[in-house]
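Coordinate analysis (summary)
This is what each chain is made of:
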Amino acid sequence: DQQVKQNSPSLSVQEGRISILNCDYTNSMFDYFLWYKKYPAEGPTFLISISSIKDKNEDGRFTVFLNKSAKHLSLHIVPSQPGDSAVYFCAASLFSGGSNYKLTFGKGTLLTVNP
Amino acid sequence: IAGITQAPTSQILAAGRRMTLRCTQDMRHNAMYWYRQDLGLGLRLIHYSNTAGTTGKGEVPDGYSVSRANTDDFPLTLASAVPSQTSVYFCASSPDKSGGYTFGSGTRLTVV
């Protein structure tokens, strides 16, 4: 049972336009949601996160929106740049004891930004 | 530079052989994790450790073991490798939930 779903394996946008990456989840106990970016032959890098008690978090060109009632979050990149081309993973955090949390990842979406 | 070091970078391994993937962090994070990344399946948790001396099973633990003798090191061992363990393995650590994980650069393992 996949708890974090990214239903679009790939997305292609033009440079300067908006990229919208979507993610759905099933477990209402998730308390933090994160986006990671991954370039080929590198490890994933943290991009932006949002607490489950908020509905929006913005960091420069990146904004994450959370709709708890729909169990849906999205990452908006505006304006998109060719360097944003990468695989984007959605992840959800669940408290696992002490001060530690486990992340559950989606399958990823390959974003291609065309010049 | 603070971060996570994984070794080796890549390895070709004969089926049935034993292999240990190394992971070392210098950020004094309590929690560490091992994930495997496979095409179309994303990142799946193999094992984790909330603190030195404790470990736990993730989503796909079979065929793998881990140990956490100290804060910095979290090796992953394949006792008898099989071709289905061909994958890219990522080690990660975390300070808390909001900042996310720090990942290593990965180990590409091919079992033949």
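Presented here is an overview of the structure given in this document. Per chain, residue numbering runs from 1 following the sequence as it is written. Ligands are numbered from 1 and chains lettered from A, in the order in which they are written. Under the rules for a predicted model, residues below a pLDDT of 70 receive no local features and side-chain atom pairs below 80 are neither given nor counted, while totals for whole chains, interfaces and linings still include all residues. The basis for every side-chain value is the complete set of non-hydrogen atoms in the structure, without hydrogens or water.

A word on the packing of aromatic side chains
- The pairing test for Phe, Tyr and Trp rings, Trp by its six-membered ring, is centres within 6.5 Å, and the orientation test on the planes gives stacked under 30 degrees, edge-to-face over 60, and tilted for anything in between. The final tally for this structure, using the stated rule, is 15 aromatic pairs over all chains.
- An angle of 70° between the planes, with centres 5.9 Å apart, marks the rings of A:Tyr36 and A:Phe46 as edge-to-face. Taken as a pair, A:Tyr36 in strand β4 (residues 32–38) and A:Phe46 in strand β5 (residues 45–51) lie far apart in primary sequence, 10 residues in all.
- Note on exposure labels: buried denotes an accessible area under 20% of the residue type's maximum, exposed denotes more than 50%, and partly exposed covers the range between, all computed with a 1.4 Å probe on protein chains only. Looking at A:Tyr36, the relative accessible area reads 0%, which means it is buried.
- When the centroid spacing of 4.2 Å and the interplanar angle of 15° are considered together, the rings of B:Tyr33 and B:Tyr101 count as stacked. You can see B:Tyr33 sitting in strand β4 (residues 31–38) and its partner B:Tyr101 sitting in the loop between β9 (87–94) and β10 (102–103), a full 68 residues away along the chain.
- With relative accessibility at 0%, the residue B:Tyr33 sits in the buried group.
- A ring is considered to have a charge above it if a Lys NZ or an Arg CZ atom is located within 6 Å of its centre and within 35 degrees of its normal. Directly above the ring of B:Phe74 sits B:Arg68, whose terminal nitrogen or CZ lies 6.0 Å from the centroid. To qualify as a helix, a DSSP run of H or I must reach at least 4 residues; to qualify as a strand, a run of E must reach at least 2; elements of each kind are numbered from the N terminus.

Some details on the interface of chain A and chain B
- At the junction of the two partners, chain A supplies 23 residues and chain B supplies 23 residues.
- A simple way to read buried area is as the amount of 1.4 Å-probe accessible surface that goes missing from two parts once joined, with both sides added. Where chain A abuts chain B, roughly 1,800 Å² becomes buried across the two surfaces, and 56% of that area is made up of carbon and sulfur atoms.
- The term salt bridge refers to a pairing of a side-chain nitrogen on Lys or Arg with a carboxyl oxygen on Asp or Glu at a separation within 4 Å. Counting across the interface, chain A meets chain B through zero salt bridges.
- Two N or O atoms count as a polar contact when they lie within 3.5 Å, although within protein this holds only if one can serve as hydrogen donor and the other as acceptor, and sequence-adjacent residues are included solely when both atoms are side-chain atoms. The tally of links from chain A across to chain B stands at three residue pairs in polar contact (both at pLDDT 80 or more).
- The set of elements that each furnish at least two residues to the side of chain A that touches chain B consists of β4, β5, β9 (86–95) and β10 (101–105) of chain A. Residue contacts follow a heavy-atom distance rule, with two residues in contact if any of their heavy atoms lie within 4.5 Å.

These figures come from the coordinates and say nothing about function on their own.
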